[in-house]
Every structure is written in C-alpha cells, then in structure tokens.
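Inside the fold
So the chains spell out like this:
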Amino acid sequence: SLCEHWAGILMVRSRRTLLIALAAIMVFVVGAWLALTGPGGRYIAMQFLDGYEIAGLGRLEIEELTGDVTDQFSIGAARIVDAENTLIEADDIFVDWSLVAVLRNRLQVDDLTISRLSFKDMPKLVSESEREADSGFSAIRFGAISISELDLSAVVEQQPAFSLRGSASMEEKASLIELFAE
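Residues numbered from 1 in each chain as written. Predicted model: local features only at pLDDT ≥ 70, side-chain atom pairs only at ≥ 80, totals over all residues. Heavy atoms only, no water.

Moving on, we come to the pattern of salt bridges. Evaluation of the coordinates by the stated rule reveals six salt bridges. Taking the shortest distance from any N to any O, the salt bridge between arginine 79 and glutamate 61 comes out at 3.3 Å. Taken together, the residues arginine 79 in strand S3 (residues 72-81) and glutamate 61 in strand S2 (residues 58-68) connect sequence positions 18 residues apart. As a salt-bridge pair, glutamate 149 and arginine 116 come within 3.3 Å of each other at their nearest N and O atoms. Here glutamate 149, found in strand S6 (residues 139-151), pairs with arginine 116, found in strand S5 (residues 106-119); they are 33 residues apart in sequence, far enough to count as distant. We classify glutamate 149 as partly exposed; its relative accessible area is 39%. A network of salt bridges, in which partner residues are shared, links Arg59, Glu61, Glu63 and Arg79. (Salt bridge = Lys/Arg side-chain N within 4 Å of Asp/Glu carboxyl O. Helix = DSSP H or I, 4+ residues; strand = E, 2+ residues; numbered from the N terminus. Buried < 20%, exposed > 50% of the residue type's maximum accessible area, 1.4 Å probe, protein only.)

Before going further, it helps to spend a moment on unusual backbone geometry. If you check the backbone angles, glutamate 64 has positive phi at about 55° while not being a glycine. Within the element layout of this structure, glutamate 64 appears in strand S2. By relative accessible area, glutamate 64 is classed as exposed at 59%.

In this section: the environment of aspartate 71. Tracing the sequence through the fold places aspartate 71 in the loop between S2 and S3. In this structure, the C-alpha to C-alpha distance between aspartate 71 and serine 98, residues 27 residues apart in sequence, is 6.2 Å. Among all residues touching aspartate 71, those that are not within four sequence positions of it are Val95, Asp96 and Trp97. (Contact = heavy atoms within 4.5 Å.)

Judged by pairing direction, the sheet is mixed, and its six strands sit side by side in the order S1-S2-S3-S4-S5-S6 without closing on themselves. The strands lining the two open edges of the sheet, one partner per strand, are strand S1 (53-54) and S6. Here ten bridges tie strand S4 (residues 86-98) to S5, and the two strands are oriented antiparallel to one another. Bridged to isoleucine 93 within S5 is isoleucine 114. (Pairing = 2+ DSSP bridges.)

With that settled, consider the nonpolar core. One finds Phe73, Ile75, Ile93 and Val95 to be the most contacted residues of the largest nonpolar core, which totals 19 residues. Counting only elements with at least two residues in this core, the list comes to S2, S3, S4 and S5. Setting aside its immediate chain neighbours within four residues, phenylalanine 73 contacts Leu65, Thr66, Gly67, Asp68, Ile93, Phe94, Val95 and Trp97. (Core = buried A, V, L, I, M, F, W, Y, C linked by side-chain atoms within 4.5 Å.)

Examined bridge by bridge, S1 and S2 share two bridges and lie antiparallel to one another. Opposite glutamate 53, over in S2, you have arginine 59 as the bridge partner. The pairing of S2 with S3 spans nine bridges and is classified as antiparallel. The partner of aspartate 68 across the bridge, within S3, is glutamine 72.

Right, let's talk about the environment of leucine 49 for a bit. Structurally, leucine 49 can be placed in helix H2 (residues 39-49). Through-space distance from the C-alpha of leucine 49 to that of isoleucine 62 is 7.2 Å; in sequence the pair is 13 residues apart. What leucine 49 contacts, discounting residues up to four positions off in sequence, is Leu60 and Ile62.

What follows is the structure, encoded as structure tokens:
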C-alpha cells in the first residue's frame, strides 16, 4: 500500500539522518578535543588564567604556557599582583591535573612542581569563609607539591619581627599543612 511505501521511505531517511547527526557530533567532539589539547587549548587557558582574580590575594599573571592543558602543562613564570605591587612570583611551574574533576566542580592537581617561589610582599589574607565564598570549585585538592627554592627574604626584610610556624597532619586520603607567618 501507499502508506507502507512512504513509511518505509521515512524510516530509511530517519536512520540516515540519525547516522549523519551522530557522525557530525563525533566529528565535533573529536575536533574540540584536538583543539583543546593543542595551541587552541593553550590560547583558551591563557585567556582564562591570565588576569584571573584569586580570592583575597590578587590577580594572576602568567607567561609562556606549554603542553597539553587538559592533562600536563608548564608555565614559564607566574605572578600574583594586587593593585599596588607584585606579591608572589613563581618560575618554571609544572602542573599535572585532572580535567575530568573540573566537570564535577572540583580542582584536582595531582602534581604541582615549582622551581622557585618568591614572596615579594606579604599578602593580606582574607578569612576562610570569604575565600570559600569566592572559590568557583566545591573542593580543591593537591596530590603532591614540590618547591625547589622558597625565597622569603623580601618578606623577612619588611617585617621587624618575623616568625614562621607550621603544623602538618595526615589522614587516610588527605594531608593538611598549615604555615603561619607573623
């Protein structure tokens, strides 16, 4: 019958349309992934990170981003600056992180390696409740942090009486290290 004939034609066209749509989606996903893992991803990351306001500290400035920003990348130099001056400088930063965790509203850094971290001025820290209110992630986790050289000389020179005290605790799946400068 005529109805069965047209139903068959529509069914074939629907399958073909569905296959074309699925193929187009796959091409888009693969293309987007390739763009993120190459120069396009580094450009997007630079646009996001350079000038990013860090809650209670200041603005982040970065230079020379290399690598795959979806997995492991390096930053040549980074600075945290406030309205008046540079507070913190870091050189040769390597980051190994999980992009998938960001999709779950967490920042998971498996390995953070910094060759030189220098405090140029003592940051004016905000309370923990203010920091949490400004954070875009529900949790920020670090697996390992390695700093080859820590320079506190500029901060020590500014403070007539300077002391640094700290504590560390380890739980089953987490570690906490606190340092206090007075």
